[in-house]
Amino acid sequence: MEIGVDPRWKQLMEQGADCSCGQRHVGLIDLAFLQPADWKDAPAKEPNENLRMDGDFLSDEYAVRQGKYFAIRCVMPLPIAGCSPPASPLVVWASVEKDSFEKLVAEPRPQLKDPPVQFAARLVNRIGGYPDTLGLMGAAFPMPDSPPLLVLAKNADPEAPMHQLVQEHRDGASFDRLLEVYAAQGHDMRGAFAGTKQ
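So, here is what we can say about the structure in this document. Per-chain numbering applies: the sequence of each chain, read as written, is numbered from 1 onward. Local features in this predicted model are restricted to residues whose pLDDT is 70 or higher, and side-chain atom pairs enter the listing and the counts only when it is 80 or higher, whereas totals over whole chains, interfaces and linings include all residues. Hydrogens are left out, water is left out, and the side-chain values use all remaining heavy atoms of the structure.

So, about the overall build of the protein. Only runs of H or I of at least four residues qualify as helices and only runs of E of at least two qualify as strands under DSSP, and these elements are numbered from the N terminus. What the protein contains, in helices and strands, is four helices and 10 strands. Along the protein, helices (α) and strands (β) appear in the sequence α-β-β-β-β-β-β-β-α-β-β-β-α-α when read from the amino end. Relative to the globule expectation of 16 Å for 198 residues, the C-alpha radius of gyration of the protein, 18 Å, shows essentially globular dimensions. If one aligns the C-alpha atoms of the protein with their principal axes, the spans along those axes are about 55 × 35 × 35 Å. Relative accessibility decides the category of a residue: with a 1.4 Å probe and only protein chains considered, values under 20% of the type maximum give buried, values over 50% give exposed, and everything between is partly exposed. Among the 198 residues that make up the protein, the fraction classed as buried is 41%. Of the contacts formed within the protein by residues at least 6 apart in sequence, a portion of 55% connects residues at least 24 apart. Throughout, the Shrake-Rupley method with a 1.4 Å probe supplies accessible areas, and for residues the shown protein chains are the sole cover considered. Accessible surface computed for the protein: about 10,400 Å², of which carbon and sulfur atoms make up 50%. Computing the positive centroid from 20 side-chain charges and the negative centroid from 27, the protein places the two 2 Å apart. Computation of the radius of gyration draws on C-alpha atoms, with the globule rule given as 2.2 Å multiplied by the number of residues to the power 0.38. What makes two residues a contact is simply this: any of their non-hydrogen atoms within 4.5 Å. Only four residue types enter the charge count: Lys and Arg as positive, Asp and Glu as negative, with His and the chain ends excluded. For the purpose of locating charges, the reference atoms are NZ of Lys, CZ of Arg, CG of Asp and CD of Glu.

Listed below in structure tokens is the structure:
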């Protein structure tokens, strides 16, 4: 079924759906990760302008661990198959090399260029609803009006079958898959559509 004629899609876009988080969501929701994965002793967040390149640092957009590992907050769209252009935005963290990090910090909201500027990046969050996503590889593209756009390209292991997130990021996820991903992040709306015919 084309998602445009799926009554569940129309309900979500127009009337909304009650969620396990206690709210009623209308339209696609942002799924945001507050920091890179596996950082139990992460420091308290500071303003971006307090950025330090040594030790540990965390702000809304930058992360430095032990002065050796550098990450930036990115927006990674999850397209919905059969529906264009809507995509559910995942706000994630991606690790980059130190020189790339310094360039992104120096010009955080640059004008678009042709060809686009890009930096090699690795996803450093575990996104529920998928096999372990930590380390998936791609590129970060600086954007003029938002955090960098993360585009996944391949698995960390090039010999492994294509990761489900890489495939759905490229080809789109079904509406049912979208609801599964939402539920895995603590936003289960599937019950709101139980009586809606597909």
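Picking up after the structure, the text goes on.
Here the focus is the pairing of strand S7 (residues 87-96). Counting buried residues in S7 gives eight out of 10 residues, a clear majority hidden from the surface. Think of it this way: DSSP has to see at least two bridges between two strands before they count as a pair. With two bridges joining them, strand S3 (residues 31-32) and S7 adopt parallel strand pairing. Following the sheet pairing, Leu31 is matched in S7 by Leu90. In this structure, strand S6 (residues 69-79) lies alongside S7, joined through 10 bridges in antiparallel fashion. Pairing of Ala71 across the sheet is with Ser95, part of S7. By the bridge criterion, two bridges tie S7 to strand S8 (residues 119-123) in an arrangement that is antiparallel. When the sheet's bridge partners are listed, Ala94 is paired in S8 with Leu123.

On to the environment of Leu78, then. Positionally, Leu78 belongs in strand S6. Under the relative-accessibility criterion, Leu78 is labelled buried at 1%. Considering only alpha carbons, one finds Leu78 and Leu165, 87 residues apart in sequence, at a separation of 8.7 Å.

Take the pattern of salt bridges next. Side chains bearing opposite charge may pair, as long as their charged atoms lie close to each other. By definition here, a salt bridge exists when the distance from a side-chain nitrogen of Lys or Arg to a carboxyl oxygen of Asp or Glu is within 4 Å. Overall, the coordinates contain 12 salt bridges when judged by the stated rule. Notably, a salt bridge pairs Asp132 with Arg126, separated by 3.0 Å at the nearest N-O pair. On the basis of relative accessibility, which here comes to 45%, the residue Asp132 falls in the partly exposed class. Between Arg177 and Glu180 there is a salt bridge whose closest N-O contact spans 2.7 Å. Here Arg177 and its partner Glu180 are both found in helix H4 (residues 175-184), three residues apart, which amounts to about one turn of the helix. By relative accessible area, Arg177 is classed as buried at 12%. Residue Glu180 is classed as partly exposed on the basis of its relative accessible area of 35%.

Every axis in this analysis is a line fitted to C-alpha atoms, fitted for helices over the stretch in contact. Angles between the N-to-C directions lie between 0 and 180 degrees. Packing of helix H1 (residues 7-14) against H4 leaves a shortest axis separation of 10 Å and a crossing angle of 50 degrees. Viewed along their axes, H1 and H4 adopt a mutual orientation that is oblique. For the pair formed by H1 and H4, the contact residues are Arg8, Trp9 and Leu12 on the first element and Phe175, Asp176 and Leu179 on the second. Three categories are distinguished: nonpolar for Ala, Val, Leu, Ile, Met, Phe, Trp, Tyr, Cys and Pro, charged for Asp, Glu, Lys and Arg, and polar for the others, with Gly belonging to the last. Looking at the contact of H1 with H4 residue by residue, the class counts come to four nonpolar, no polar and two charged. Note that the term roughly parallel is reserved for angles under 35 degrees, roughly antiparallel for angles over 145, roughly perpendicular for angles of 65 to 115, and oblique for everything else.

No statement about biological role is implied by the geometric values presented.
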